[in-house]
Amino acid sequence: MEEAIKVDSLVTHYGERQILKNISFTVLRGQTTVILGGSGCGKSTLLKHLIGLLQPTSGKILINDNNIAGMREEEMNEVRKKMGVLFQGAALLNSMTLADNVALPLREHTKLEESTIQIMVRMKLDLVGLSGFEHFYPSQLSGGMKKRAGLARAMALDPDFLFFDEPSAGLDPVTAAGLDQLILKLRNVFKVTIVVVTHELPSLFMIADHVIMLDMGEIIFAGTLDELQISEHPRVRMFLERKPEAEEYSPEDYFKFIAGD
Ligand SMILES: Nc1ncnc2c1ncn2[C@@H]1O[C@H](COP(=O)(O)OP(=O)(O)OP(=O)(O)O)[C@@H](O)[C@H]1O
Ligand SMILES: [Mg+2]
């Protein structure tokens, strides 16, 4: 299978702090790759590198064989036209209707006629099950509908790549499962290459073709779902079995703790 994204020896810092420590992996075209890992391990940071929002300290990020690390902004904007992004809050503009939110990338990046834009917006809203809500404002939508609307906007330019940061966070299990179905559909019908950060185990098992698990800025697992399930890495096991972080108290600390000082 063809490589769509290749990350090679990626190192990144926020100030003095090293966040990603020499990470390498590949994302295959047409697959859904899920990035797992505990809070604060660098998942969102990694996603921001993949869409060129952050520049690494060193290493390469090849998107369709083009290294975007250190790429000029104009060139990066061309690459971004092929990318749809859905961040955690859906990031819809509250002053605009749903239709205008979805039309935004089309108005910014294309010179299509207004009538064509209207048709494309309808198609995208239909794709995510929001037909008839064109004139609603984001404040009039539920959390799940906002996520769907964000997805419609991410799909506006028919991207080759979709990047999602915790798409089902904060949704009820049924709504989250609906969103997972939609992600599957985008892969199956539109052959989009998808990278998803998620914490949700049911989503992981529903949508992932390939899994990458980060821990403290390093990759501790990369493989298929089947391989993940038989991985013996203790951090992988803790994550899958939902075990809490072991709290290691010395007896001395413990007695201090119960004595209240
Ligand atoms: N803009 C920033 N400036 C400085 N430090 C940052 C910045 N963004 C994130 N960090 C730090 O980098 C580390 C990784 O953050 P990141 O947001 O990538 O984690 P995450 O894996 O997405 O966590 P979560 O699951 O909670 O969303 C954290 O320790 C965080 O404090
Ligand atoms: Mg995050």
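Residues numbered from 1 in each chain as written. Chains lettered and ligands numbered in written order. Predicted model: local features only at pLDDT ≥ 70, side-chain atom pairs only at ≥ 80, totals over all residues. Heavy atoms only, no water.

**Student:** Honestly, the nonpolar core in this entry has me stumped. Any pointers?
**Tutor:** Most often, soluble globular proteins keep nonpolar side chains buried together rather than apart. Counting residues in each nonpolar core, the largest one holds 47 residues, and the members touching the most others are Leu-204 and Leu-228. The leading source of residues in this core is helix α6 (residues 173–190), at 6 residues. Counting only domains with at least three residues in this core, you end up with domain 1 (3–82 + 160–256) and domain 2 (90–158). By size, the runner-up hydrophobic cluster in this structure holds 28 residues, among which are Ile-19, Met-76, Phe-161 and Phe-163. (Core = buried A, V, L, I, M, F, W, Y, C linked by side-chain atoms within 4.5 Å. Buried < 20%, exposed > 50% of the residue type's maximum accessible area, 1.4 Å probe, protein only. Helix = DSSP H or I, 4+ residues; strand = E, 2+ residues; numbered from the N terminus. Domains from an automatic or database assignment.)

**Student:** What exactly am I supposed to notice about the sheet that holds strand β9 (residues 210–215) here?
**Tutor:** In any sheet, the strands associate via hydrogen bonds between backbone groups, in a parallel or an antiparallel arrangement. Pairing in this open sheet of 6 strands is mixed, and the strands run β6-β7-β8-β3-β9-β10 from one edge to the other. For this open sheet the edge positions go to β6 (83–86) and β10 (218–223), each flanked by a neighbour on one side alone. Sheet twist, expressed as the average angle between the axes of neighbouring strands with direction ignored, equals 15°. Two elements, β9 and β10, share 5 bridges in a ladder whose sense is antiparallel. Across the sheet, the residue bridging to Ile-212 is Ala-222, located in β10. (Pairing = 2+ DSSP bridges. Axes fitted to C-alpha atoms, helices over the stretch in contact; angles between N-to-C directions.)

**Student:** Help me understand the site of ligand 1, please; the structure alone is not making it clear to me.
**Tutor:** In the vicinity of ligand 1 there are 13 residues, among which Arg-17, Ser-39, Gly-40, Lys-43 and Thr-45 approach most closely. Here an oxygen atom of ligand 1 sits 2.8 Å away from a polar atom, N or O, in the side chain of Arg-17. Lys-43 has a polar side-chain atom sitting 2.7 Å from an oxygen atom of ligand 1. In the complex, the protein chains occlude 61% of the 630 Å² of accessible area that ligand 1 would expose alone. Mapped by element, the contributors of at least two residues to the shell around ligand 1 are β2 (17–28) and α1 (43–50). (Near = heavy atom within 4 Å. Polar contact = N/O pair within 3.5 Å; in protein donor to acceptor, adjacent residues only side chain to side chain. Areas by Shrake-Rupley, 256 points an atom, 1.4 Å probe, with all protein chains shown as cover.)

**Student:** For this particular structure, what's the right way to read the packing of aromatic side chains?
**Tutor:** Geometry of an aromatic ring pair is reported as the spacing of the ring centres plus the angle between the planes. Scanning the model with the defined rule gives 2 aromatic pairs in all. Here the aromatic rings of Phe-133 and Phe-136 are separated by 4.9 Å at their centres, their planes lie at 65°, and the arrangement is edge-to-face. Residue classification places Phe-133 among the partly exposed positions, given a relative accessible area of 25%. Ring geometry for Phe-161 and Phe-163: centres 6.2 Å apart, planes at 15°, overall stacked. Take Phe-161: its relative accessible area is 1%, and that puts it in the buried class. Assessed through its relative accessible area of 0%, Phe-163 is described here as buried. (Phe/Tyr/Trp six-rings, centres within 6.5 Å; stacked < 30°, edge-to-face > 60°.)

**Student:** What exactly am I supposed to notice about α1 here?
**Tutor:** Residues lying three or four places apart along an α-helix face the same way, a consequence of the helix completing one turn every 3.6 residues. Most of α1 sits out of view: 6 of its 8 residues are buried. Residues of α1 that are buried: Lys-43, Thr-45, Leu-46, Leu-47, His-49 and Leu-50.

**Student:** Looking at this structure, how should I read the domain arrangement of the protein chain?
**Tutor:** One frequently used descriptor of interface size is the decrease in accessible area upon assembly of the parts. Splitting the protein chain by domain gives domain 1 (3–82 + 160–256) and domain 2 (90–158). Placing a centre on the C-alpha atoms of domain 1 and another on those of domain 2 gives a separation of 26 Å. Counting from both sides, the interface comprises 16 residues of domain 1 and, opposite them, 12 residues of domain 2. Taking both sides of the interface into account, the surface hidden between domain 1 and domain 2 amounts to around 1,100 Å²; carbon and sulfur atoms contribute 72%. On the surface where domain 1 and domain 2 come into contact, there are 0 salt bridges. (Contact = heavy atoms within 4.5 Å. Buried area = accessible area lost by both parts, 1.4 Å probe. Salt bridge = Lys/Arg side-chain N within 4 Å of Asp/Glu carboxyl O.)

**Student:** Whenever I open this one, the pairing of strand β3 (residues 32–37) confuses me. Can you help?
**Tutor:** Looking along a regular strand, one sees side chains alternate from face to face of the sheet. Here β3 lies mainly inside the structure; 6 of its 6 residues are buried. Judged by which residues are buried, β3 turns out to be covered on both faces: Thr-32, Val-34 and Leu-36 on one side and Thr-33, Ile-35 and Gly-37 on the other are all buried. In this sheet, strand β8 (residues 193–197) lies alongside β3 in parallel orientation, the contact comprising 4 bridges. Note that in β8 the partner of Val-34 across the bridge is Val-196. Two strands pair when backbone bridges link them, and β3 and β9 are joined in this way by 5 bridges, in the parallel orientation. Across the sheet, residue Gly-37 finds its bridge partner in β9, namely Leu-214.

**Student:** Is there a simple way to explain the pairing of β2 in this structure?
**Tutor:** Bridge analysis of strand β1 (residues 3–14) against β2 gives 9 bridges, and the strand direction is antiparallel. By the bridge assignment, Val-7 is partnered in β2 with Phe-25. Linking β1 back to β2 in an antiparallel pair, the connection comprises 2 residues, with Gly-15 at a positive phi of about 60°.

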